[in-house]
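What the coordinates show
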Amino acid sequence: MLEKTKRYFVISKVFFKYNLFSLLYKDIHRDYISNKQCTCALDLEDRSHAVKLKLAFEELGPSFIKLGQMLSKRSDLLPPTYIMELENLQDKVNPINFDKMRESFETDCICSISENRHAHHPTCYHCNDILEMFEEFDTTPIASASIGQVYQGVLNGKKVAVKIARPNLLDTINLDLEIINDIKPILIKVLGVGKNFNVDSFLHEYKQMLHKELDYRFEAINMQRLKENFQGFEGVEIPGAYMDYCRENVLVMDFVEGTQIKDLVDIEQKLKSRYAHLIGSSYLKQVYLDGFYHADPHSGNIIALDDSIAFIDFGAVGIINKELKWSMLSFFYATYKKNTEMATDVLLKMSGLSEEDVDIHNLRQDIDDLIADQYYGPEGRKSDKYAMLALKYDMSLPPEFSTLERAILIIEAVCLKLDPNYNIISEAKPIISEAMKDHYSPKKLAEGAQFEADEYMDIFKNLPAGIDDVIRTIRGYRIEKLQGKDGIAKKYHLLDEMSRNIFFGIILITSAYLIINGGEHFTLLGIAGFASGLLMGMYSLMRH
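Residues numbered from 1 in each chain as written. Predicted model: local features only at pLDDT ≥ 70, side-chain atom pairs only at ≥ 80, totals over all residues. Heavy atoms only, no water.

The next subject is the overall build of the chain. A tally of helices and strands in the chain yields 21 helices and 12 strands. Relative to its 544 residues, the chain shows a buried fraction of 46%. For the chain, the proportion of contacts with a sequence separation of at least 24, taken over those separated by at least 6, is 67%. In the form shown here, the chain has an accessible surface area of approximately 28900 Å², with 55% of it arising from carbon and sulfur atoms. (Helix = DSSP H or I, 4+ residues; strand = E, 2+ residues; numbered from the N terminus. Buried < 20%, exposed > 50% of the residue type's maximum accessible area, 1.4 Å probe, protein only. Contact = heavy atoms within 4.5 Å. Areas by Shrake-Rupley, 256 points an atom, 1.4 Å probe, with all protein chains shown as cover.)

With that settled, the discussion passes to the sheet that holds strand 10 (residues 302-304). In spatial order, the strands read 6-11-10-8; together these 4 strands make up an open sheet with mixed pairing. On the outer flanks of this sheet lie strand 6 (236-237) and strand 8 (259-260), each paired with one strand and no other. One ladder, built from 2 bridges, connects strand 6 with strand 11 (residues 309-311); its direction is parallel. Counted as the bridge partner of glutamate 237 is alanine 310 from strand 11. Of the strands in this sheet, strand 6, strand 10 and strand 11 are in contact with helix 12 (residues 269-290), which crosses strand 11 at around 40°. (Pairing = 2+ DSSP bridges. Axes fitted to C-alpha atoms, helices over the stretch in contact; angles between N-to-C directions.)

Our next topic: the packing of aromatic side chains. The full count for this structure, using the stated rule, is 11 aromatic pairs. With a centroid separation of 5.8 Å and an interplanar angle of 45°, the aromatic rings of phenylalanine 57 and phenylalanine 64 are classed as tilted. Judged by centre distance (6.1 Å) and plane angle (75°), the ring pair of tyrosine 283 and tyrosine 293 falls under edge-to-face. Here tyrosine 283, found in helix 12, pairs with tyrosine 293, found in strand 9 (residues 292-294); they are 10 residues apart in sequence, far enough to count as distant. Accessibility expressed as a relative area gives 0% for tyrosine 283, which makes it buried. (Phe/Tyr/Trp six-rings, centres within 6.5 Å; stacked < 30°, edge-to-face > 60°.)

Taking strand neighbours across the sheet as the criterion, the 4 strands line up as 3-4-5-7 in an open arrangement whose pairing is antiparallel. The open sheet has two free edges, formed respectively by strand 3 (136-144) and strand 7 (250-254), since each of these has just one partner strand. Here the strands of the sheet are splayed against their neighbours by 25° on average, with no regard to which way each runs. Note: strand 3 against strand 4 (residues 148-155), 5 bridges, orientation antiparallel. By the bridge assignment, phenylalanine 137 is partnered in strand 4 with glycine 153. With respect to the sheet, helix 11 (residues 216-229) is in contact with strand 4, strand 5 (158-165) and strand 7, its orientation differing from that of strand 7 by roughly 25°.

Before going further, it helps to spend a moment on unusual backbone geometry. With a phi close to 55°, asparagine 156 is a non-glycine residue in the positive phi region. Along the chain, asparagine 156 turns up in the loop between strand 4 and strand 5. Relative accessible area serves as the criterion here: at 58%, asparagine 156 is assigned to the exposed category. Although it is not a glycine, aspartate 313 sits at a positive phi angle of roughly 60°. Within the secondary structure, aspartate 313 sits in the loop between strand 11 and strand 12 (317-319). With relative accessibility at 30%, the residue aspartate 313 sits in the partly exposed group.

Attention shifts here to the state of the cysteines. One covalent bond between the sulfur atoms of two cysteine residues makes up a disulfide. With the rule as written, the count across this model stands at 0 disulfides. Summary of cysteine pairing: cysteine 109 is not part of a disulfide, and the nearest cysteine sulfur, belonging to cysteine 127, is at 3.6 Å. Given the relative accessible area of 34%, cysteine 109 is considered partly exposed. The class of cysteine 127 is partly exposed, set by a relative accessible area of 25%. (Disulfide = S-S within 2.5 Å.)

Moving on, we come to the pairing of strand 7. The buried fraction of strand 7 is high, at 5 of 5 residues. Direction of pairing for strand 5 relative to strand 7: antiparallel, over a ladder of 5 bridges. In the strand pairing of strand 7, valine 162 is matched with valine 252.

A few words on helix 10 (residues 199-214). Between its first and last C-alpha, helix 10 extends 23 Å over 16 residues, near the 22 Å set by a 1.5 Å rise per residue. Of the residues making up helix 10, those classed as buried are Val199, Phe202, Leu203, Tyr206, Met209, Leu210, Glu213 and Leu214. Looking straight down helix 10, one finds that the buried residues subtend no more than 130° of arc, so they occupy a single side. (Expected span 1.5 Å × (residues − 1). Arc of directions from axis to C-beta.)

In short, geometric facts, not functional conclusions.
Next up, the structure:
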């Protein structure tokens, strides 16, 4: 309790130092027209407020730095000035002595211990000196951040990077999480979020992100997963992790020798354009084909090699489930095809709303304006502001949507710096084609049929019986009403047969049309409808 009180005092002191609460409330509760080129006095003042928030978060350490980075993804919550500044949060701090860092990894023993002997494990940091476990190890860090420090070493004749977490970090972060949860009502008031915004879900996502970034084993797994996804993809390299040497506080991986994209100078434009193409196309692959992507792809996390690129730092990743990935691909496809209606429908579907829940006319107009700007507007970032529509129309989009939009914005900015004429939409056609091919490939259809065959068979078996029950009920009702009128009953029996045949005919004709002309989205539906129509027709013939 005493430690929490002390931390409360530190946080309050910093917030009052920068006058954050009143500035945030005043800024967020009004409309903005802001961009980096604006030099009007009012906008410069507003940007100075955003700078104060950034400085306060940097001063308060890793919990607030990560909170700021997460808020920078949410253009539906904060004004553009704040988004711009929080994107530039510096997670760089002065390094601490290596002897102090030893506290982080010399605690857990993984050796086999029995009554008679203690068999030392060669990768046990508790029982072995880390300086002797590696053929070479430089105790001067090559990078230092609020969560950890990175060192260079040699293992099995190969250069490796060794990331080590700062000691006693978890205690401070857990205190911060408790405090942030305590002030949740104040945050809701300051941000002024709509009734559809789920603040508990947002804070849960934040906590999950923090805990995963504090456990380097997750980063090692992320790295291995991305490496597997990029097998056979030319021009992109992912470093490998040395899993036997990885712990919660230690990550050992291949050392990537190259130049960070942000530091590229004096290279020909042709090579810069190639880097931009590789970055854009590989990133869209991660999102729309793999559903697993690097969530913080700034220019410092992408390395330029001779004729290829490499991604590094995999603590933050995004995962999209199958249904949401298909929705996002549909939205991307609609944008690519300049189809405002489709883009609007997909956005509503993702937010769980119907046309009656929003001002549909104005929403379509706003989406149309954004698509037009993406194609015909001036050079610059083109993926901006889709998530901002959520705030305007009080739509609760999945958090993955905002995370992804922010990541694509970063990628787009990186590519534009390399090639001012780059447009990420130019990468759309091959990615959409590959995604469609993958989604409807015979292999995927066969896998789906294999796992869902029993379910579909139950549906097909029950369809004729269900239809027959309906027809029998209708027939019984009619005959009951027409007892004693045999001639009329026979006419109605004939009508029943005709209705049944017309019904089957409509199913077969509609399904055939979907198969031939329905496009990728409806082909599978047409096949299923045609098959069920044939089965019902055959079943009906066999019974009569």
